Amino acid sequence: MDISNDESVHFFRKLNVNLLNIVLIGVVIYLGKGIILPILFSALLATLLLPAVNYLRSKKFSQSISIILPLVMSLLTIGGILYFLSTQIAHFFDDWDSLKDRANDLIRSLQKWVSENLNIARRDQAEYLNETAEKVKTAAPKIAGKTFLSLTESFSYIVLLPIYTFLILYYKSTIRKFLIELFQKSSQKKVIDTLHSCSRVAQRYITGLLIETSLVFTLNTIGFLILGIKYAIFLALLAALLNIIPYIGMIVANIFCMLITLMTSENPTQALWVAAILALVQFFDNNIGMPLIVGNSVRINALVTIVGVLIGGALCGVPGMFLAIPTLAVLKVIFDRVEGLHPWATLLGDETQQGRDEKGLKFIRKKNKGNGETKN
């Protein structure tokens, strides 16, 4: 009997089942995102509000009041941020005609540079631009349809988010009991520990993300105001919000802020200063802000983070990109605690950070052992 052959057959069967499950989950998420995404966002908001709800319950408030008060406060805060962002966008579009004229001047300057340095005639450039414009016109109805769909989805979020959040918090004990009773009694202790860890990780991540976004917005605003660029607050807020999407968001923010600065400033070098400010803030955020605020609660390596964000965007658009990181963090907690899923936890984890942790643990064990030997 060839044992190695049996093991390889078992491995490929297991791999096929795992891949099939991943594909099925992706299909379900893609087809049911209109239902699934509001529930996931509501679960995150409920996790964030849970400490406040528990505090009010400890002060003898009724369950409904304990949920409604933090929920209303959070919705007012979200509404205030959206109102501020909408006013900034409205102010930006008030100057749209002058921005368009400035953009045309920049295009003409670019055409002149291309003609002189790359020997491409302006007529050829104009033909290429006209072809591009025709493609944009053809794609416009599809873009409009997607915009309408996104507006419809936004309305559903406004209606469903508070309802789902209230119900999740109201029935949290029932949901928790259901999840525990799905497993055998021998595994229920591990399930309780896993649920607690998932809740803690999600809570720390969302709280840290809110603090981090506020900090990035403040630093961007200070830098842009010192630089004296137009729409400083709008660009600072947009860059801070895009920073929520790892890696990709910051690239988009850099390109957009530099283009707007080029279109609104007489000094082209200001666009480079904008990029420098964003890079400096990003460096501070990655190396000091994020580790101090969020800590090690989300140890997902960069490769998996980028792939996860791209998959989330492909399946669910921008909401999926935002949900990718907390979802991966929760999955890693589950994979760490389920024996058969340890390889997936290894794939998601950050080896560099884990190596530092292991060195720290070895040092502590060695120190404890030395203390024990001394005492003896």
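Given the structure is predicted, the values throughout are model-derived calculations rather than measurements.

(A) Quick peek at the packing of aromatic side chains. Inspection of the entire model under this criterion finds 3 aromatic pairs. Ring centres of Y170 and Y171 lie 5.0 Å apart, and the angle between their planes is 80°; on these two criteria the pair is classed as edge-to-face. We classify Y170 as partly exposed; its relative accessible area is 32%. For Y171, a relative accessible area of 42% puts it in the partly exposed group.

(B) Structural view of the side chain of S42. Positionally, S42 belongs in helix α2 (residues 33-58). Not counting chain neighbours up to four residues away, the residues in contact with S42 comprise L160, L161, Y164, T165 and I168.

(C) A look at the nonpolar core. One finds F41, L44, L169, V309, F322 and L323 to be the most contacted residues of the largest nonpolar core, which totals 26 residues. Taken together, the elements giving at least two residues each to this core come down to α2, α3 (63-94), α5 (122-170), α7 (188-227) and α11 (302-337). Counting residues in each nonpolar core, the second largest holds 20 residues, with F92, A232, L235 and A240 among its members.

(D) Structural context of the side chain of Q270. Inspection of the secondary structure assignment puts Q270 in helix α10 (residues 269-293). You can call Q270 buried: its relative accessible area is 16%. Dropping the residues within four chain positions of it, Q270 is found in contact with L227, I229, T261 and S265.

(E) Representation of the environment of L280 within the structure. Position of L280 relative to the elements: it lies in helix α10. Each C-alpha atom of the pair L280 and N220 lies 9.5 Å from the other, and the pair is 60 residues apart in sequence.

(F) View of unusual backbone geometry. Despite not being glycine, K60 shows a phi value in the positive range, around 75°. Note that K60 resides in the loop between α2 and α3. For K60, a relative accessible area of 76% translates into the label exposed. In this structure, Y231 is a non-glycine residue whose phi angle is positive, near 60°. For Y231, a relative accessible area of 6% gives the class buried.

(G) Local environment of α2. Taking 1.5 Å as the rise per residue, α2 with 26 residues should run 38 Å; its terminal C-alpha atoms sit 36 Å apart, in good agreement. L49 marks the point of greatest bend in α2, at about 45°, and the proline P51 comes within the next four residues. Every buried residue of α2 is accounted for by L37, P38, F41, S42, L44, L45, A46, T47, L49, L50, V53 and L56. Positive backbone phi, approximately 75°, marks K60, located one or two places after α2.

(H) Structural detail: the pattern of salt bridges. Per the counting criterion, the structure on display carries 2 salt bridges. A salt bridge links D336 to K332, with the nearest nitrogen and oxygen atoms 3.0 Å apart. Placement of both D336 and K332 in helix α11 is noted, with a separation of 4 residues, approximately one turn of the helix. Among the residues examined, D336 registers a relative accessible area of 37% and is labelled partly exposed. With a relative accessible area of 10%, K332 lands in the buried category.

(I) Just a nonpolar patch on the surface, in detail. Together, F155, I158, V159, I163, L167, Y170, Y171 and I175 make up an exposed nonpolar region whose accessible area comes to about 750 Å². For the nonpolar patch, the leading source of residues is α5, giving 6 residues. Within the secondary structure, I163 is located in helix α5. On the basis of relative accessibility, which here comes to 44%, the residue I163 falls in the partly exposed class.

(J) Expanded view of the environment of A240. Examined against the element boundaries, A240 turns out to sit in helix α8 (residues 232-242). C-alpha separation for the pair A240 and M250, spaced 10 residues apart in sequence, amounts to 8.5 Å. For A240, the residues in contact, after removing those within four places along its chain, are T213, V216, F217 and N220.

Here is what the cut-offs are and how they apply
- Residues numbered from 1 in each chain as written.
- Predicted model: local features only at pLDDT ≥ 70, side-chain atom pairs only at ≥ 80, totals over all residues.
- Heavy atoms only, no water.
- Phe/Tyr/Trp six-rings, centres within 6.5 Å; stacked < 30°, edge-to-face > 60°.
- Buried < 20%, exposed > 50% of the residue type's maximum accessible area, 1.4 Å probe, protein only.
- Helix = DSSP H or I, 4+ residues; strand = E, 2+ residues; numbered from the N terminus.
- Contact = heavy atoms within 4.5 Å.
- Core = buried A, V, L, I, M, F, W, Y, C linked by side-chain atoms within 4.5 Å.
- Expected span 1.5 Å × (residues − 1).
- Bend = angle between axes of the 7 residues up to and from the residue.
- Salt bridge = Lys/Arg side-chain N within 4 Å of Asp/Glu carboxyl O.
- Patch = residues over 30% accessible without salt bridge, like charges linked within 9 Å, V, L, I, M, F, W, Y side chains within 5 Å.
- Areas by Shrake-Rupley, 256 points an atom, 1.4 Å probe, with all protein chains shown as cover.

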